[in-house]
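# Structural characterization, general
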Amino acid sequence: MKTVILDTETTGTDAEDRICQLAYLVLDEEGRVVEHYDELCTPPLPIKYESMAIHHITPEMIEGKPACTETEGFRRLEELNTPENLLVIQNAEFDLEMLRREGFESRMRLIDTFRLLRKLMPMEASHGQQYLRYKLGLYREEPRLIEQLGVEVRAHDALGDVIVLERLYAYLRKKMDAEEMVELCQEPILLEIMPMGRHRGERIEEVALQHRNDLLYMVDNFDLDRDLRHSFRYWLDTTKDRVRVTIGFGKHKGKTPEEVLPVDRGYLEWMRDKADRIPSELKAELVRVLSAEC
C-alpha cells in the first residue's frame, strides 16, 4: 500500500480553471517518503492575477512546460491510482475536481484532512493548513523533510503545501489509524460544534433549539458542503419535537402561525404565497395551519 499526499495550484477557482502545478509525496507502509513529484505545467488558459497573488506562479515560470497530463508526475499518479492506495488531500473536493478536468478520476481511498480536523478539533479558530502549521508547531519539523528531499520550497506553492500536509497527516495518525480516517471520510461526517457564522463555537443542537430559523435559512439558501448540510439537517430533525415553529421576521416575529392566524390571516397567506426565502419548516407550518383552518 502506498499513500499519496497531494496538492495542486490552479489558474483560478472558477468552472473553466485548470491545474498549473501538481505536487505530491508517495509514502510507503511505514510512512517514509519514497517518491516525490513537483510539476509546473502549462494550462489551456492564463493564470488569473488573483491566483498568481496567492501561489506566485507567473507566466514566465510555466513557459515551455508540458500540459499537466503530459508530465511525469501525472503519468505516475495514474499508475498509483488503485483502490489499495490512499490519497490524502486537504479539502479534497477542490483538488479532485481539478484533477477530473485533466481526465483523472481517483480510485484511491480518500482521506480529507480538512474534514477530519473539523470533527476532531471543533473549537479551533481555523482548520486551514497554515494556521495549524503554526498552532501545532509543524513548521519546526519541515526542514528535515525538505533536506531529505533535496528540494527548494516556495511559500504557498503546491510542494510547500504538500510538505505541511505530510506533517499534518502524521499528527492525525497519532489520533487514529489510516483505515479509521478512510472510513470516516466515506460518509457525511456529523459535526456537533458550529464551525461558522455568528454561532461559531456553539453546539449545533443548541442553535437548532434556540436560533432555529438561522439554521433553516442556511440549509435553504447557503451552498453548504455535505458535512455541514448533513449535520444541520440531523440536528434540525432530532430537535423538531422540542421546538415551536415561529416567524423569524416582520411584525409578528417570534409568534407561531397558529397565534397569528386569528388576528392576521392575510399576513400568513402573503408569507405562504409571496415571501422570499422563508425557511422550509416555516413554509410547511404555514401551509398546515392555513389548510387546517379552512
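Scroll up for the structure.
The text that follows walks through the structure, step by step, so that each part is easy to find.

What the protein chain contains, in helices and strands, is 15 helices and five strands. For the protein chain, the C-alpha radius of gyration of 24 Å lies well beyond 19 Å, the compact-globule estimate for 294 residues. A principal-axis box enclosing the C-alpha atoms of the protein chain has dimensions of 75 × 40 × 35 Å. For the protein chain, with 294 residues in total, the buried portion stands at 48%. Residue pairs in contact within the protein chain that sit at least 24 positions apart in sequence constitute 62% of those at least 6 positions apart. By element, 48% of the accessible surface of the protein chain is carried by carbon and sulfur atoms, the whole surface being about 15100 Å². When the 42 basic and 58 acidic side-chain charges of the protein chain are each reduced to a single mean position, those positions are 6 Å apart.

Put simply, the largest pocket is a space of about 580 Å³. Mapped onto the lining of the largest pocket, the elements with two or more residues apiece are β1 (3-10), α1 (49-55), α4 (92-100) and α6 (129-135). Of the residues contributing to the lining of the largest pocket, the split by class is three nonpolar, 13 polar and five charged. Counted as a void, the second largest pocket has a volume near 490 Å³. Lining the second largest pocket are 18 residues, with N91, E93, D112, D225 and R226 sitting closest to its centre. Considered class by class, the residues forming the lining of the second largest pocket number seven nonpolar, two polar and nine charged.

For the rest of this paragraph, the subject is helix α8 (residues 158-173). Here α8 spans 22 Å end to end across 16 residues, near enough to the 22 Å set by a 1.5 Å rise per residue. Counting buried positions over the 16 residues of α8 gives 14, a clear majority of the element.

This brings us to the packing of helix α5 (residues 113-120) against α8. With their axes 11 Å apart at the nearest point, α5 and α8 run at an angle of 45 degrees to one another. With respect to each other, α5 and α8 are oriented oblique. Taken as a pair, α5 and α8 cross one another with a handedness that is left-handed. Between α5 and α8, the contacting residues are T113, L116, L117 and L120 on the first element and L165, L168 and L172 on the second. Within the contact of α5 with α8, the residues separate by chemical class into six nonpolar, one polar and no charged.

Below, the discussion takes up the sheet that holds strand β4 (residues 86-89). On the basis of which strands lie adjacent, the open sheet formed by five strands has the order β3-β2-β1-β4-β5 and mixed pairing. If you trace the sheet from one side to the other, it starts and ends with β3 (33-40) and β5 (109-112), each paired once. Looking at each pair of strands side by side, their axes are set apart by 20 degrees on average, direction ignored. On top of the sheet, α8 reaches β1, β2 (19-27), β3, β4 and β5; it is set at about 145 degrees to β1, its chief contact.

What follows is about the pattern of salt bridges. Summed over all chains, the structure comprises 30 salt bridges. The partner of R118 in a salt bridge is D225, with the nearest N and O atoms 3.0 Å apart. Placement of R118 in helix α5 and of D225 in the loop between α11 (212-221) and α12 (226-239) is noted, with a sequence separation of 107 residues between them. Using a relative accessible area of 7% as the deciding quantity, one classes R118 as buried. Counted as one network, the salt bridges with shared partners bring together D14, E16, D17 and K48.

Attention now goes to α5. Given 3.6 residues per turn, any residue in an α-helix points the same way as the ones three and four places further on. Those residues of α5 not exposed but buried are T113, R115, L116, L117 and R118. As for α5, its buried residues are in contact with β4, β5, α6, α8, α9 (178-186) and α12. In this structure D112 caps α5, since a side-chain oxygen of it lies 3.1 Å from the backbone nitrogen of F114.

Within the secondary structure, I62 is located in helix α2 (residues 59-62). A relative accessible area of 9% means that I62 is categorised as buried. Among residues more than four places away in sequence, those in contact with I62 are C20, L40, C41, T42, P43, I47 and I57.

Counted according to the given criterion, the structure contains zero disulfides. Here C41 is not disulfide-linked; the sulfur of C68 is the nearest cysteine sulfur, at 4.3 Å.

Here we come to the pairing of β2. Counted residue by residue, β2 has nine buried out of nine residues, so it is predominantly covered. Relative to β2, β1 runs antiparallel, the two being bridged by eight bridges. Within the sheet, the bridge partner assigned to V4 lies in β2 and is V26. Across seven bridges, β2 lies against β3 in antiparallel orientation. Within β3, the position partnered with Y24 by the bridge is Y37. The loop that links β2 with its antiparallel partner β3 comprises five residues; one of these, G31, has a positive phi angle of about 85 degrees.

Definitions and limits used
- Residues numbered from 1 in each chain as written.
- Predicted model: local features only at pLDDT ≥ 70, side-chain atom pairs only at ≥ 80, totals over all residues.
- Heavy atoms only, no water.
- Helix = DSSP H or I, 4+ residues; strand = E, 2+ residues; numbered from the N terminus.
- Rg over C-alpha atoms; globule rule 2.2 N^0.38 Å.
- Buried < 20%, exposed > 50% of the residue type's maximum accessible area, 1.4 Å probe, protein only.
- Contact = heavy atoms within 4.5 Å.
- Areas by Shrake-Rupley, 256 points an atom, 1.4 Å probe, with all protein chains shown as cover.
- Lys, Arg positive; Asp, Glu negative; His and termini not counted.
- Charge placed at Lys NZ, Arg CZ, Asp CG, Glu CD.
- 1 Å grid on protein atoms, 1.4 Å probe; cavity = no way out; pocket = protein on both sides within 12 Å on 5 of 7 lines; lining within 4 Å.
- Points joined across faces, edges and corners; volume = space filled by probe spheres on them.
- Nonpolar A, V, L, I, M, F, W, Y, C, P; charged D, E, K, R; others polar.
- Expected span 1.5 Å × (residues − 1).
- Axes fitted to C-alpha atoms, helices over the stretch in contact; angles between N-to-C directions.
- Parallel < 35°, antiparallel > 145°, perpendicular 65-115°, else oblique.
- Left-handed = near helix turned anticlockwise from the far one by under 90°.
- Pairing = 2+ DSSP bridges.
- Salt bridge = Lys/Arg side-chain N within 4 Å of Asp/Glu carboxyl O.
- Polar contact = N/O pair within 3.5 Å; in protein donor to acceptor, adjacent residues only side chain to side chain.
- Disulfide = S-S within 2.5 Å.

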